[in-house]
Amino acid sequence: MAWTVFQTVIAIVMVFTGSINTLTTKWADHLKAKGSDGKEREFDHPFVQALCMFFGEFLCLVVFKILYFAHKRKQANSEETGLIKGRQDFNAFILLPPALCDMIGTSLMYIGLNLTNPSSFQMLRGSVIVFVALLSMVFLRRKISWQQWLGIILVLAGLVVVGVSDYLLNKDSASNSNLNSMITGDLIIVGAQIITAAQMVYEEKYVTVKEIPALQAVGWEGAFGFIVLGILQIPFYYIVVPPPFSSNSHSSLEDFPDAMVQSWDNKLIIVALIGTIISIAFFNFAGITVTKELSATTRMILDSVRTLFIWGFSLIVRWQKFHPLQILGFLLLIIGMCIYNNLFPSMNRIVSFFRRNRSEELISAEDSS
């Protein structure tokens with residue numbers, strides 16, 4: 001069935017804003033400005049960037065409330081439809097655990113992004129499938145089919161190839177610090193996917209059954225994440241960490257005042273942070289709409305497509321170098337995700353064909369005996 005104009009536009013918005021979100025975050029990492037100590041350095045404030053992301057998610061709650069009350073005002077006592085469809089008789093604090101998972105996972109991923117390439121960051125996020133499958137087996141008692149196991153194996157192979165390509169690109173670097181930072185960043189990103197997978201499994205077990213509107217759920221998680229991470233900025237200021245995990249004026253885990261000073265010194269940083277806020281808000285809105293209008297599988301495919309745009313842009317602006325193995329790694333990841341999500345129905349027909357022939361052979365063998 002052909003897509004409507006609206007479906008096509010919302011798919012383009014999802015890919016575009018999703019790409020912008022990663023690129024503006026990495027752009028901010030490359031921007032230089034004077035800090036509170038008067039020295040010029042790159043903008044290394046992953047927790048401030050994560051704070052901006054949560055504010056963008058919180059805007060989804062604002063949009064939901066506007067749509068919800070506008071609908072109630074126009075059509076009193078009528079059933080909710082579209083983005084506001086769902087139940088309202090739930091405790092908002094049920095969304096606190098996934099919000100905390102989102103906070104930890106996102107913060108770790110932004111730390112990793114600061115240390116590695118944007119395209120590697122996007123590709124390595126595909127490892128979440130592996131952890132979702134494993135956690136679903138334990139907590140949701142879900143059985144994994146042979147097809148899904150094949151997809152997981154291909155995804156793991158793709159992750160290894162991506163890691164090897166990063167190593168080969170940086171092994172001849174003049175300083176081992178670049179290579180060590182790249183490897184550390186890749187490992188942090190993969191580790192963050194464990195937290196993200198826990199968030200997804202929790203949402204499926206507790207949030208989905210409550211039939212909470214997706215836009216509202218994202219908004220509440222953004223609100224909780226913004227409040228908690230905002231409070232944590234205070235202790236983070238006093239926690240000293242070594243490079244490469246910090247290069248701010250006080251060598252602390254996060255230095256919010258230093259981030260504000262750098263932003264004021266270089267206004268492009270403010271532009272990048274606003275870009276992160278707006279893009280994550282539109283990305284979540286578009287992603288939820290794609291799921292409702294098309295399917296979750298289509299959303300997964302579109303989410304993979306943005307990797308190509310991020311990769312291409314990063315090569316053009318020379319944020320990273322090209323290595324042929326990256327193509328192989330990307331293909332393995334995409335094929336693995338497609339097989340895991342059963343996007344190749346012909347595989348089932350082939351397996352059914354061989355099973356049917358095998359059954360016929362066994363029956364013939366029994367008859368002849």
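As shown above, the structure is provided for reference.
Report follows, based on the coordinates. (Residues numbered from 1 in each chain as written. Predicted model: local features only at pLDDT ≥ 70, side-chain atom pairs only at ≥ 80, totals over all residues. Heavy atoms only, no water.)

Focus: the packing of helix H3 (residues 96-115) against helix H8 (residues 214-238)
Part 1: Where H3 meets H8, the axes come as close as 8 Å, and the angle between the chain directions of the two elements is 60°. For the element pair H3 / H8, the angle class is oblique. By crossing handedness, the relation of H3 to H8 is classed as right-handed. Between H3 and H8, the contacting residues are Leu96, Pro98, Ala99, Leu100, Asp102, Met103 and Ser107 on the first element and Glu221, Phe224, Gly225, Val228, Leu229 and Leu232 on the second.
Part 2: Of the residues in the contact of H3 with H8, the class split is nine nonpolar, two polar and two charged. (Axes fitted to C-alpha atoms, helices over the stretch in contact; angles between N-to-C directions. Helix = DSSP H or I, 4+ residues; strand = E, 2+ residues; numbered from the N terminus. Parallel < 35°, antiparallel > 145°, perpendicular 65-115°, else oblique. Left-handed = near helix turned anticlockwise from the far one by under 90°. Contact = heavy atoms within 4.5 Å. Nonpolar A, V, L, I, M, F, W, Y, C, P; charged D, E, K, R; others polar.)

Focus on unusual backbone geometry
Part 1: Positive phi values are uncommon outside glycine, yet glutamate 211 reaches one of about 55°.
Part 2: Considering the arrangement of structural elements, one finds glutamate 211 in the loop between helix H7 (176-207) and H8.
Part 3: Looking at glutamate 211, the relative accessible area reads 49%, which means it is partly exposed.
Part 4: Its identity as a non-glycine residue notwithstanding, arginine 318 has a phi of 65°, on the positive side.
Part 5: Mapped onto the fold, arginine 318 is located in the loop between helix H11 (296-316) and helix H12 (324-340). (Buried < 20%, exposed > 50% of the residue type's maximum accessible area, 1.4 Å probe, protein only.)

Section: the packing of H8 against helix H10 (residues 267-293)
Part 1: In the contact formed by H8 and H10, the axes pass within 10 Å of each other and the chain directions differ by 150°. Looking at the two axes, H8 sits roughly antiparallel to H10. Crossing geometry of H8 relative to H10 is assigned as right-handed. Only Asn284, Phe285 and Ile288 of H10 make contact with H8, whose side of the interface consists of Ala214, Leu215 and Val218.

A closer look at the environment of serine 36
Part 1: Of note, serine 36 is situated in the loop between strand S1 (32-34) and strand S2 (40-42).
Part 2: Separated by 219 residues in the primary sequence, serine 36 and aspartate 255 place their C-alpha atoms 9.6 Å from one another.
Part 3: Excluding residues within four positions of it along the chain, serine 36 makes contact with Ser249, His250, Asp255, Asp258 and Val261.

A few points about the nonpolar core
Part 1: Ranked by internal contacts, the top residues of the largest apolar core, which has 44 residues, are Leu229 and Leu333.
Part 2: Ranked by residues supplied to this core, first place goes to H3 with six residues.
Part 3: Setting aside chain neighbours within four positions, we find leucine 333 in contact with Met123, Val155, Gly158, Leu159 and Val162.
Part 4: In this structure, Ala33, Phe43, Ala272 and Leu273 belong to the second largest nonpolar core, which totals 11 residues. (Core = buried A, V, L, I, M, F, W, Y, C linked by side-chain atoms within 4.5 Å.)

A look at the side chain of histidine 323
Part 1: Here histidine 323 shows up in the loop between H11 and H12.
Part 2: Here histidine 323 falls in the buried class, since its relative accessible area comes to 18%.
Part 3: Not counting residues up to four positions away in its chain, the partners in contact with histidine 323 are Ser165, Leu168 and Leu169.

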